[in-house]
Amino acid sequence: MEKIRILGSPDRPLRGQVTISGAKNAVLPAIAASLLTQDEIHLTNIPLVKDVFTILTLMSELGAEYKINGNCLTIAIRNVLCHEASYQLVRAMRASILVLGPLLARHGKAVVALPGGCAIGSRPIDLHLHGLEKLGANFTLEHGYIKAEAKKLRGAVIEFDKKTVGGTENLVMAATLAQGETILKNCAQEPEVTNLCELLIKMGAKIDGVGEEIMRIKGVSELGGTIHDIIPDRIEAGTFLVAGALTKGDIYLNRVRPDHMTTTIEKLRYSGAKVEEIGRDCLRVQGSEEIKPQDIITSPYPGFPTDMQAQFMVLMTQANGTSIITETIFDRRFLHVNELLRLGANIEVHGDKAIIKGKTPLSGAETTATDLRASACLVLAGLIAKGETIINDVEHLDRGYERIEDKLKQLGASIERITTEKEEKR
Ligand code: UD1
């Protein structure tokens, strides 16, 4: 068992430079897209995070061969050997359902475990299934698995009832090899969806309206190999921006896409931090002595990302006054609140709203991470909490952050990863 130990202090500004990794949420669909061709796909700037290794395990089971060289991945599936995503893998990582659309399109069948509940809400996949049904797929549910079949997918007009990132990605991938034209309405516009579409176009797909709410996809008979660069992780970058603001530090973030982070940057500036764009792909954040309270409502891109909500909550515990966060994307996404309360925060949750009263000094404690972004919020809180903070269940953090403790240490944080054995010797 691994844990993170942080020796925090309200007076230890983080300073220096950090390089942001490729986006976890962009690389996962890109890897799933390799199912759409027999040729090799080369992905550059991949983050070496646990979710990437989980999807690669799944891809190997499906028949893929791959190699990783630094942050480059070469993957090819000459023959699909199996068409099943097991419960163990889907449970470990919900994004495993991204193989459903490509498997149906290339192989005509797929068996994928139904994800079930997860720490941040029920997260159904009905919109994925309704869309694929409109393309001609048939589904049955047996023993917790969705069995999907389609002789040949056919283009259709599909309007999502609600914006869904994974749903849009699954449908756009399936539509690339469907017969005729597919029109997708009310698509998610996240940069990760755009990054996937750009990859598909390089593979030979015909997609109009990339990055817009309506996309038109003209099905082609086959797709080929290509090289594709994964965009920088806007959530990892946002987490480091909050770290700079929270610790009143001065951090340069290299290899970022500021244009993907406008709402996050706007909110940080409003809180009092100075955020500057230095050149095309670098940001500098300088924290201010006074942090201003503010209200935040999460919403689909380009709105404020739900994946930044927990990190901003920590910042608000240090604001002078009351802030309200309204979470509109996921139910039960306030599980980190109980852990923050243990560190001394003053937060009340009423339905989809968290009311944060600042400024409260935080004091270190043993905590347990409940999900990926909740773990990031505990790391941030640990940086400014007086004394020792231990974060258990660090595997959540490893799902989406590449070497976060090394990156923070480089900026001056006192943070280390410990194993249970080492902990016992203390
Ligand atoms: C993706 C991101 C996740 C992010 C989320 C919202 C990946 C791997 N994960 O998750 O980090 O927090 O977008 O930005 O990219 N919904 C339905 N039915 C469906 C699908 C979704 O009701 O069939 C609902 C969900 O329960 C949620 C909302 O739609 O309330 C948005 O979910 P969605 O955008 O699909 O999230 P994910 O793709 O799972």
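Located above this text is the structure these notes cover.
All values derive from a computational prediction rather than experimental measurement.

The rules behind these values
- Residues numbered from 1 in each chain as written.
- Predicted model: local features only at pLDDT ≥ 70, side-chain atom pairs only at ≥ 80, totals over all residues.
- Heavy atoms only, no water.
- Helix = DSSP H or I, 4+ residues; strand = E, 2+ residues; numbered from the N terminus.
- Rg over C-alpha atoms; globule rule 2.2 N^0.38 Å.
- Buried < 20%, exposed > 50% of the residue type's maximum accessible area, 1.4 Å probe, protein only.
- Contact = heavy atoms within 4.5 Å.
- Areas by Shrake-Rupley, 256 points an atom, 1.4 Å probe, with all protein chains shown as cover.
- Lys, Arg positive; Asp, Glu negative; His and termini not counted.
- Charge placed at Lys NZ, Arg CZ, Asp CG, Glu CD.
- Salt bridge = Lys/Arg side-chain N within 4 Å of Asp/Glu carboxyl O.
- Near = heavy atom within 4 Å.
- Polar contact = N/O pair within 3.5 Å; in protein donor to acceptor, adjacent residues only side chain to side chain.
- Pairing = 2+ DSSP bridges.
- Axes fitted to C-alpha atoms, helices over the stretch in contact; angles between N-to-C directions.
- Core = buried A, V, L, I, M, F, W, Y, C linked by side-chain atoms within 4.5 Å.

## Structural notes on the overall build of the protein
1) Next: Scanning the protein for helices and strands turns up 15 helices and 24 strands.
2) Next: The C-alpha atoms of the protein give 22 Å as radius of gyration, which agrees with the globular expectation for 426 residues (22 Å, within 12%).
3) Next: Across its three principal axes, the protein shows a C-alpha extent of roughly 60 × 45 × 40 Å.
4) Next: The buried share of the protein, reckoned over its 426 residues, is 56%.
5) Next: Long-range contacts, defined as pairs at least 24 residues apart, comprise 73% of the intrachain contacts of the protein with a sequence gap of at least 6.
6) Next: Accessible surface, the protein as shown: approximately 17,100 Å² in total, 48% of it carbon and sulfur.
7) Next: Between the mean site of the 51 positive side-chain charges and the mean site of the 54 negative ones, the protein shows a separation of 1 Å.

## Points about the environment of Phe304
1) Next: By secondary structure assignment, the location of Phe304 is in the loop between β18 (296-297) and α10 (309-317).
2) Next: Counting along the chain gives 119 residues from Phe304 to Lys185, while the straight-line C-alpha distance between them is 22 Å.

## As for the pattern of salt bridges
1) Next: Taken as a whole and assessed by the stated rule, the structure comprises 20 salt bridges.
2) Next: Among the ionic pairs, Lys147 bridges to Glu142, the shortest N-O distance being 3.3 Å.
3) Next: Owing to a relative accessible area of 35%, Lys147 belongs among the partly exposed residues under this scheme.
4) Next: For Glu142, a relative accessible area of 35% gives the class partly exposed.
5) Next: As a salt-bridge pair, Glu236 and Lys407 come within 2.7 Å of each other at their nearest N and O atoms. Within this pair, whereas Glu236 is found in helix α8 (residues 234-246), its partner Lys407 is found in helix α14 (residues 404-410), the two being separated by 171 residues in sequence.
6) Next: Note on Glu236: relative accessible area 2%, which makes it buried.
7) Next: Given the relative accessible area of 4%, Lys407 is considered buried.
8) Next: Beyond isolated ion pairs, a larger network of salt bridges with shared partners links Glu2, Asp398, Glu405 and Arg417.

## With respect to unusual backbone geometry
1) Next: Of the consecutive residues Tyr301 and Pro302, the connecting peptide bond is found in the cis state with omega at 10°.
2) Next: Locating Pro302 in the fold gives a position in the loop between β18 and α10.
3) Next: Cis rather than trans, the peptide bond between Gly358 and Lys359 has omega equal to 0°.
4) Next: With respect to the element layout, Lys359 can be found in the loop between β21 (353-357) and β22 (366-368).
5) Next: In this model, Asn45 sits at a positive phi of 60°, which is unusual for a non-glycine residue.
6) Next: If you trace the backbone, Asn45 turns up in the loop between β3 (41-44) and α2 (50-62).
7) Next: Judged by its relative accessible area of 12%, Asn45 is buried.
8) Next: Backbone geometry at Asn186 places phi at a positive 60°, although glycine is not the residue there.

## Some details on the site of the ligand
1) Next: Near the ligand, the surroundings consist of 19 residues, among which Asp126, Leu127, Thr164, Asp307 and Ile329 are the closest.
2) Next: Within the contact set of the ligand, an oxygen atom lies 2.5 Å away from a backbone nitrogen or oxygen of Ile329.
3) Next: Compared with its free state, where it exposes 740 Å², the ligand has 86% of that area covered by protein.
4) Next: Among the elements of the structure, α5 (126-134) and α6 (165-176) are those that each provide at least two residues to the shell around the ligand.
5) Next: Of all the elements, α5 adds the most residues to the shell around the ligand, at 3 residues.

## Observations concerning the sheet that holds strand β10 (residues 157-159)
1) Next: The 4 strands lie next to each other as β10-β11-β13-β12, forming an open sheet whose pairing is mixed. Looking at which strands have only one partner, the edges of the open sheet turn out to be β10 and β12 (206-208). Within this sheet the neighbouring strands show an average axis-to-axis angle of 15°, counted without direction.
2) Next: Bridge analysis of β12 against strand β13 (residues 215-218) gives 3 bridges, and the strand direction is antiparallel. The residue of β13 that forms the bridge with Lys206 is Lys218.
3) Next: Across the sheet, α6 lies against β10, β11 (181-185), β12 and β13, angled at about 30° from β13, the strand it touches most.

## Quick word on the nonpolar core
1) Next: The biggest cluster of nonpolar side chains holds 79 residues, and the ones touching the most others in it are Ile31, Leu43, Met59, Val99 and Leu200.
2) Next: Of the residues forming this core, the biggest block, 7 residues, is contributed by helix α1 (residues 24-33).
3) Next: The residues contacting Leu43, other than those within four sequence positions of it, are Val27, Ala30, Ile31, Asn71, Cys72, Leu73, Leu199, His228 and Ile230.

## Focus on the pairing of strand β16 (residues 274-277)
1) Next: Here β16 pairs with strand β17 (residues 282-286) via 4 bridges, running antiparallel. Residue pairing in the sheet places Val275 in a bridge with Val285 of β17.
2) Next: Connecting β16 to the antiparallel partner β17 that follows it, the hairpin turn spans 4 residues, and Gly279 within it adopts a positive phi of roughly 70°.

## So, the sheet that holds strand β8 (residues 138-142)
1) Next: Here we have 4 strands laid out as an open sheet, ordered β6-β7-β9-β8, and mixed in their pairing. With one partner strand each, in any of the chains shown, β6 (84-85) and β8 form the two edges of the open sheet.
2) Next: Of the pairings in the sheet, the one linking strand β7 (residues 109-113) to strand β9 (residues 145-149) comprises 5 bridges and is antiparallel in character. Considered in β9, the bridge of Val111 is made with Lys147.
3) Next: In this fold helix α4 (residues 100-107) packs onto β7, β8 and β9, with an angle of close to 160° to the strand it touches most, β7.

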